[in-house]
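# Observations on the model geometry
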Amino acid sequence: AIQGSPALGQMGEWSARAKAWKNAALSRVGIALQVLLALALVATWSPPAMADDIEIGVIKSVTGAASLERGAVTSGAAVGQSLYIGDRLVTAADGSVGFTMADSSRFSIGPNSAIIVSDFKFQPERGLLSLIAELIYGTMAHTTGEISRIAPAAVQIGTPLGKVGVRGTSFAIKQPGKKAAGQ
């Protein structure tokens with residue numbers, strides 16, 4: 001052997017060590033990529049739509065400050081935004097929101113108002129009809145739709161003080177409650 005160069009046996013050992021190190025490094029890189037991919041999937045994942053996650057209405061008009069609360073998430077209310085059971089619309093002192101339900105009934109809430117639609121079923125072919133909403137505070141106007149025409153008792157519009165019997169085509173409610181700052 002030439003002085004300073006490894007013996008043939010040692011070269012095989014070094015080659016084996018180099019391959020082991022390379023394989024270990026590639027394995028670590030592979031694991032890191034798998035972790036990054038998993039994190040990316042988790043970050044972009046959204047829960048699957050449930051059977052109740054059916055669009056029940058659409059926001060048609062927004063003036064001033066208004067928000068949509070869906071579960072723990074609050075966003076600005078926007079024209080064209082879909083509404084689902086349990087959504088809560090809230091307006092500020094300068095806000096108002098108009099929305100239309102899937103049965104063509106219409107709601108309009110004024111300034112300093114909050115409303116929640118807690119149940120909505122519009123499947124007349126199956127006999128499933130229900131519209132239950134509550135004006136928590138503020139002002140609201142309502143024009144009835146198909147559910148009221150087919151089964152008036154299936155429409156229940158309430159306030160913290162009681163329920164409105166829907167027998168006509170339109171009505172308005174004012175529910176005392178939250179006021180704007182300084183009032």
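All of the points below concern the structure found in this document. Counting restarts for each chain, with residues numbered from 1 along the sequence as it is written. In view of the model being predicted, local features appear only for residues whose pLDDT reaches at least 70, and side-chain atom pairs are presented and counted only at 80 or more, with totals across whole chains, interfaces and linings using the full set of residues. Calculated side-chain values reflect all of the structure's heavy atoms, with hydrogen atoms and water omitted.

### Description of the side chain of Gln-175
Here a helix means four or more residues in a row that DSSP labels H or I, a strand means two or more in a row labelled E, and each is numbered from the N terminus. With respect to the helices, strands and loops of the structure, Gln-175 is situated in strand E12 (residues 170–175). Buried, partly exposed and exposed residues are distinguished by accessible area as a fraction of the type maximum, computed with a 1.4 Å probe on protein chains only: under 20%, between the cut-offs, and over 50%, respectively. Residue Gln-175 is classed as buried on the basis of its relative accessible area of 8%. Think of a polar contact as two N or O atoms within 3.5 Å of one another; within protein, one of them needs to be a possible hydrogen donor and the other a possible acceptor, and neighboring residues in sequence only count if both atoms come from side chains. Side chain to side chain, Gln-175 and Thr-159 meet in a polar contact 3.2 Å long. Residue contacts are defined here by distance: any two heavy atoms, one from each residue, within 4.5 Å place the two residues in contact. Those residues in contact with Gln-175, other than ones at most four positions away along the chain, are Leu-135, Ile-136, Tyr-137, Gly-138, Thr-159, Pro-160 and Leu-161.

### Comments concerning the pattern of salt bridges
Whenever Lys or Arg places a side-chain nitrogen within 4 Å of a carboxyl oxygen from Asp or Glu, that contact is recorded as a salt bridge. Applying the stated rule across the entire model yields 4 salt bridges. Salt-bridge contacts for Lys-121 lead to Asp-119; the nearest nitrogen and oxygen are separated by 3.0 Å. Residue classification places Lys-121 among the partly exposed positions, given a relative accessible area of 36%. For Asp-119, a relative accessible area of 16% corresponds to the buried category.

### Some words on empty space enclosed by the protein
Only protein atoms enter the 1 Å grid, on which a cavity is a set of points fitting a 1.4 Å probe that cannot get out and a pocket is an open set with protein on both sides within 12 Å along at least 5 of 7 lines, lining residues being those with an atom within 4 Å of a point. Grid points are joined across faces, edges and corners, and a volume is the space filled by probe spheres set on the points. Under the criterion given, the structure shown has 1 cavity of 30 Å³ or more. Put simply, the largest cavity is a space of about 60 Å³. Along its surface, the largest cavity is lined by Ile-56, Leu-83, Tyr-84, Asp-87, Arg-88, Leu-89, Phe-99, Ile-115, Ile-116 and Val-117. If you list the elements that add at least two residues to the lining of the largest cavity, you get strand E5 (88–91) and strand E8 (114–123). In terms of residue count, E8 provides more of the lining of the largest cavity than any other element does, 3 residues in total. In the lining of the largest cavity, the residues fall into 8 nonpolar, no polar and 2 charged. Basically, the charged four are Asp, Glu, Lys and Arg, the nonpolar ten are Ala, Val, Leu, Ile, Met, Phe, Trp, Tyr, Cys and Pro, and anything else, Gly included, counts as polar.

### Considering the nonpolar core
One broad rule of soluble globular proteins: the nonpolar side chains tend to lie buried together. We call a set of buried residues a nonpolar core when its members are Ala, Val, Leu, Ile, Met, Phe, Trp, Tyr or Cys and they connect through side-chain atoms within 4.5 Å of each other. The biggest cluster of nonpolar side chains holds 27 residues, and the ones touching the most others in it are Leu-89, Phe-99, Phe-107, Met-140 and Ile-157. When contributions to this core are tallied by element, the ones reaching two or more residues are strand E2 (66–70), strand E6 (96–101), strand E7 (106–109), E8, strand E9 (128–143), strand E10 (155–159) and E12. Sorting elements by how many residues they give to this core places E9 first, with 5 residues. Excluding residues within four positions of it along the chain, Leu-89 makes contact with Ile-59, Ser-67, Leu-68, Ala-77, Leu-83, Val-97, Phe-99, Ile-109, Ser-113, Ala-114 and Ile-115.

Read these as layout, nothing more, since geometry by itself doesn't imply function.
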